[in-house]
Amino acid sequence: GILSADEHALLGDMIQKSTRLTRLQLALPLYKNALPMLESLENTSTIQDFSLAIQSLIGETQFSPLLSLFLGKDGNGIVLRLLRNPWIGLQDLDLNGLGLEDHHFIAIVQALPASHLRRLDVGNNNIQSRAIIEFAKQLFNIQSLERITLGPIHGGFKPLGHGNVVRLWHKI
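One structure accompanies this document, and this report is about it. Keep in mind that this is a model prediction, so the values were computed, not measured. (Residues numbered from 1 in each chain as written. Predicted model: local features only at pLDDT ≥ 70, side-chain atom pairs only at ≥ 80, totals over all residues. Heavy atoms only, no water.)

**Description of the nonpolar core**
- With 46 residues, the main nonpolar core has Leu41, Phe50, Leu52, Phe105, Leu120, Val122 and Phe135 as its most contacted residues.
- Contributions of two or more residues to this core are made by strand E1 (23-29), helix H2 (35-41), strand E2 (49-55), helix H3 (64-71), helix H4 (78-84), strand E3 (90-94), helix H5 (102-111) and helix H6 (129-138).
- Examining the composition of this core, we find that 6 residues originate from one element, H5, more than from any other.
- Other than its neighbours up to four places away in sequence, leucine 52 contacts Leu26, Leu28, Leu38, Val79, Leu90, Asp92, Leu93 and Asp94. (Core = buried A, V, L, I, M, F, W, Y, C linked by side-chain atoms within 4.5 Å. Buried < 20%, exposed > 50% of the residue type's maximum accessible area, 1.4 Å probe, protein only. Helix = DSSP H or I, 4+ residues; strand = E, 2+ residues; numbered from the N terminus. Contact = heavy atoms within 4.5 Å.)

**Structural notes on the packing of H5 against H6**
- The N-to-C vectors of H5 and H6 enclose an angle of 10 degrees; their axes lie 9 Å apart at closest approach. Taken as axis vectors, H5 and H6 run roughly parallel relative to one another. Contacts between H5 and H6 involve Asp102, His103, Phe105, Ile106 and Val109 from the former and Arg130, Ala131, Ile132, Glu134, Phe135 and Gln138 from the latter.
- Considered class by class, the residues forming the contact of H5 with H6 number 6 nonpolar, 2 polar and 3 charged. (Axes fitted to C-alpha atoms, helices over the stretch in contact; angles between N-to-C directions. Parallel < 35°, antiparallel > 145°, perpendicular 65-115°, else oblique. Nonpolar A, V, L, I, M, F, W, Y, C, P; charged D, E, K, R; others polar.)

**Some details on the environment of isoleucine 106**
- Tracing the backbone through its elements, the reader meets isoleucine 106 in helix H5.
- Residues isoleucine 106 and arginine 130, 24 residues apart in the sequence, show an inter-C-alpha distance of 8.9 Å.

**Description of the packing of aromatic side chains**
- Inspection of the entire model under this criterion finds 1 aromatic pair.
- A ring pair is formed by phenylalanine 105 and phenylalanine 135, whose centres lie 5.9 Å apart and whose planes are at 45 degrees; its orientation type is tilted. With a gap of 30 residues between them, phenylalanine 105 in helix H5 and phenylalanine 135 in helix H6 connect regions that are remote in the sequence. Phenylalanine 135 carries the same exposure label as phenylalanine 105, and that label is buried. (Phe/Tyr/Trp six-rings, centres within 6.5 Å; stacked < 30°, edge-to-face > 60°.)

**Description of the side chain of histidine 8**
- Relative to the helices and strands, histidine 8 resides in helix H1 (residues 5-17).
- Judged by its relative accessible area of 3%, histidine 8 falls in the buried class.
- If sequence neighbours within four positions are ignored, histidine 8 has contacts with Leu3, Leu28, Asn33, Ala34 and Met37.

**Examining the pattern of salt bridges**
- Tallied over the entire structure, the rule returns 4 salt bridges.
- Here lysine 17 ties to aspartate 13 by a salt bridge, and the two come within 3.2 Å at their closest N and O atoms. Linking lysine 17 with aspartate 13, this pair stays in helix H1, spanning 4 residues, or about one helical turn.
- Glutamate 134 is paired through a salt bridge with lysine 137; the nearest N and O atoms lie 3.5 Å apart. Here glutamate 134 pairs with lysine 137, and both are found in helix H6, just 3 residues apart, close to one helical turn. (Salt bridge = Lys/Arg side-chain N within 4 Å of Asp/Glu carboxyl O.)

**Considering unusual backbone geometry**
- Positioned with a positive phi, asparagine 124 is a non-glycine residue whose angle comes to about 55 degrees.
- Accessibility expressed as a relative area gives 33% for asparagine 124, which makes it partly exposed.

**Focus on the side chain of aspartate 102**
- Note that aspartate 102 resides in helix H5.
- The exposure class of aspartate 102 is buried, given its relative accessible area of 11%.
- Beyond its immediate sequence surroundings of up to four residues, aspartate 102 is in contact with Asn126, Ile127, Gln128, Arg130 and Ala131.

**Describing H5**
- The element H5 is extensively covered by neighbouring structure, given that 8 of its 10 residues are classed as buried.
- Taken residue by residue, H5 has Asp102, His104, Phe105, Ile106, Ala107, Ile108, Val109 and Ala111 as its buried positions.

**Observations regarding the pairing of E2**
- Among the 7 residues in E2, 6 count as buried, and that is most of the element.
- Note: E1 against E2, 7 bridges, orientation parallel. Within E2, the residue paired with leucine 24 across the bridge is phenylalanine 50.
- Note: E2 against E3, 4 bridges, orientation parallel. Paired with serine 51 across the strands is aspartate 92, a residue of E3. (Pairing = 2+ DSSP bridges.)

Worth remembering: the numbers are spatial, not functional.
Below you can see the structure in the form of structure tokens.
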């Protein structure tokens, strides 16, 4: 079953207090009970390799309120704060199929220059050309990103590696 808010907070507290944990891979549901754990990770300095996948709950059809909690209406949600935190080595972020819109992706893109993120999956979302153009404008400010998945792979889009991203920039 799904952990309660208290159980998530306890797990986050245990992770935060660990002095030996250097690698963390989390797959969390897009569920508000997971927020306390993510918020506790903001104060963790030992995690050097952090992978986060946020997944939709089966049958969930309305993501917008939950996305606002995770990404923030003002671009200051917990996921974006984790991206910008220099002490947390968030290297992989999977937000595939969550219903992200242009404004969500643009907020993520604006956090990328300060991040350690190497891989980002925002495929199967509602990201349109306006946000892709904003991403392309930021490319030379983004140092660590090696791979991004923007569209549905089964629909003909392939993940973009660094060389492809640079080629995309030159086309725009």
